[in-house]
Structures are given as structure tokens and as C-alpha cells.
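Here is what each chain is made of, one letter per residue.
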Amino acid sequence: RLVETFEDFAGAGSVIGQAFGLPAVTEAENRRLFADYSSAGNTGREYVALDDGGAVGAAFAVAGDGAVNLFGGGVLPEARGRGVYRALVWARWEDAVELGTPVLTVQAGRQSGPILERLGFRPLSRTRVFVDALG
């Protein structure tokens, strides 16, 4: 579902942090980030997948004029293989249709790429990402 409460925002953030190995965020920082997320000019949307009331998956989308771009999806290891990522794709697709932009573009890595291809997405280009190991 679409993140609309601080609790969902914090839960989704925790999932993304764990999935991508990011440092923990304090509650104060989470509240500041949620205020930014909730601001009127924000075109980004965050989604959370719940199991037994706890967040197990999260993903982002940004709506443009002609498409919605999906990115940053993550699922906790213990919840993988149960359709959580597919449910997050579906929730973002439903919102894209509701927004009148039923076209999705995706930035995907090695884990989500095969899932997205099974859902009918096809690669149009590849991007090489460079990391500054000194920074």
C-alpha cells in the first residue's frame, strides 16, 4: 500500500535500510524525512508491504508526465520468494493507472531484474554504475 502514515514510513525505511545495508536512521531524522515526503510538492511515492502488521517490503515511484518510474524496491530476506516484490510492482502500477500515466519504467538490479522480466518488462538499456571507493 501507499505510505501515508509515519509508522508505515518508518517501517518502509527500516526495510530499505536492511535490504541495501544502509545505516540506521534516528526517529528524529525519520520524522524530518517524513515531513519532506508529506510535503505538497513531492512527486515521489513510497510503498510498503506488510506481513502480520510488520513491514517486510518497500519500494519507491516517481510520477512524470508520461510514465511512472519504479526504483529502490527491497524485501527482507525472510520474506523473499512469497510475492512481496510483485505486490509492490502491482501497487505502483495501479497508482500509475489512477494517475492517468499507465506506463512504467524501471531501474532494476540483478535481484529484481529477473522478476520484472517474468512480469513482462523488457530491458531497453543497461547502465554501468561507478563507485568511488576512496569516498
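Look a little higher up for the structure.
This text gives an overview of the structure that appears in the document. Please read these numbers as outputs of a predicted model, since none were measured by experiment.

A few words on the overall build of the protein. Scanning the protein from terminus to terminus reveals four helices and four strands. Scaling as 2.2 N^0.38, a compact globule of 135 residues should have a C-alpha radius of gyration of about 14 Å, and the protein matches this with 15 Å. On the principal axes, the C-alpha backbone points of the protein span a range of 40 × 40 × 35 Å. Expressed as a percentage of the 135 residues in the protein, the buried residues total 33%.

Another point: the packing of aromatic side chains. Evaluated as defined, the whole model comprises five aromatic pairs. Taken together, a centroid distance of 5.9 Å and an interplanar angle of 75° make the contact between Phe-6 and Phe-34 edge-to-face. Taken as a pair, Phe-6 in helix α1 (residues 6-20) and Phe-34 in helix α2 (residues 27-37) lie far apart in primary sequence, 28 residues in all. For Phe-34, a relative accessible area of 17% gives the class buried. A centroid spacing of 5.5 Å and a plane angle of 35° characterise the contact between Phe-9 and Tyr-37, whose relative ring orientation is tilted. With Phe-9 in helix α1 and Tyr-37 in helix α2, the pair connects residues that are 28 residues apart, well separated along the chain. Positioned over the ring face of Phe-6 is Arg-31, at 3.8 Å from the centre of the ring.

Okay, the nonpolar core next. Membership of the largest hydrophobic core comes to 18 residues, with the highest contact counts inside it found for Val-68, Leu-70, Val-84, Tyr-85 and Leu-88. Of all elements in the fold, only β1 (44-51), β2 (54-63), β3 (68-75), α3 (84-99) and α4 (112-118) reach the threshold of two or more residues within this core. No other element matches the six residues that α3 contributes to this core. Formed by 11 residues, the second largest nonpolar core is a distinct cluster that contains Val-3, Phe-6, Val-15 and Tyr-37.

The subject of this paragraph is the side chain of Asn-69. Relative to the helices and strands, Asn-69 is located in strand β3. Among the polar contacts listed, one links the side chain of Asn-69 to the side chain of Thr-105, at a separation of 2.7 Å. With residues up to four places along the chain from it excluded, the contact list for Asn-69 reads Phe-60, Ala-61, Val-62, Thr-105, Val-106 and Gln-107.

Let's shift gears to α2. Considered for burial, the residues of α2 that qualify are Asn-30, Phe-34 and Tyr-37. For α2, the angular spread of the buried residues around the axis is 55°, confining them to a single face.

About the criteria used
Residues numbered from 1 in each chain as written. Predicted model: local features only at pLDDT ≥ 70, side-chain atom pairs only at ≥ 80, totals over all residues. Heavy atoms only, no water. Helix = DSSP H or I, 4+ residues; strand = E, 2+ residues; numbered from the N terminus. Rg over C-alpha atoms; globule rule 2.2 N^0.38 Å. Buried < 20%, exposed > 50% of the residue type's maximum accessible area, 1.4 Å probe, protein only. Phe/Tyr/Trp six-rings, centres within 6.5 Å; stacked < 30°, edge-to-face > 60°. Lys NZ or Arg CZ within 6 Å of the ring centre and 35° of its normal. Core = buried A, V, L, I, M, F, W, Y, C linked by side-chain atoms within 4.5 Å. Polar contact = N/O pair within 3.5 Å; in protein donor to acceptor, adjacent residues only side chain to side chain. Contact = heavy atoms within 4.5 Å. Arc of directions from axis to C-beta.

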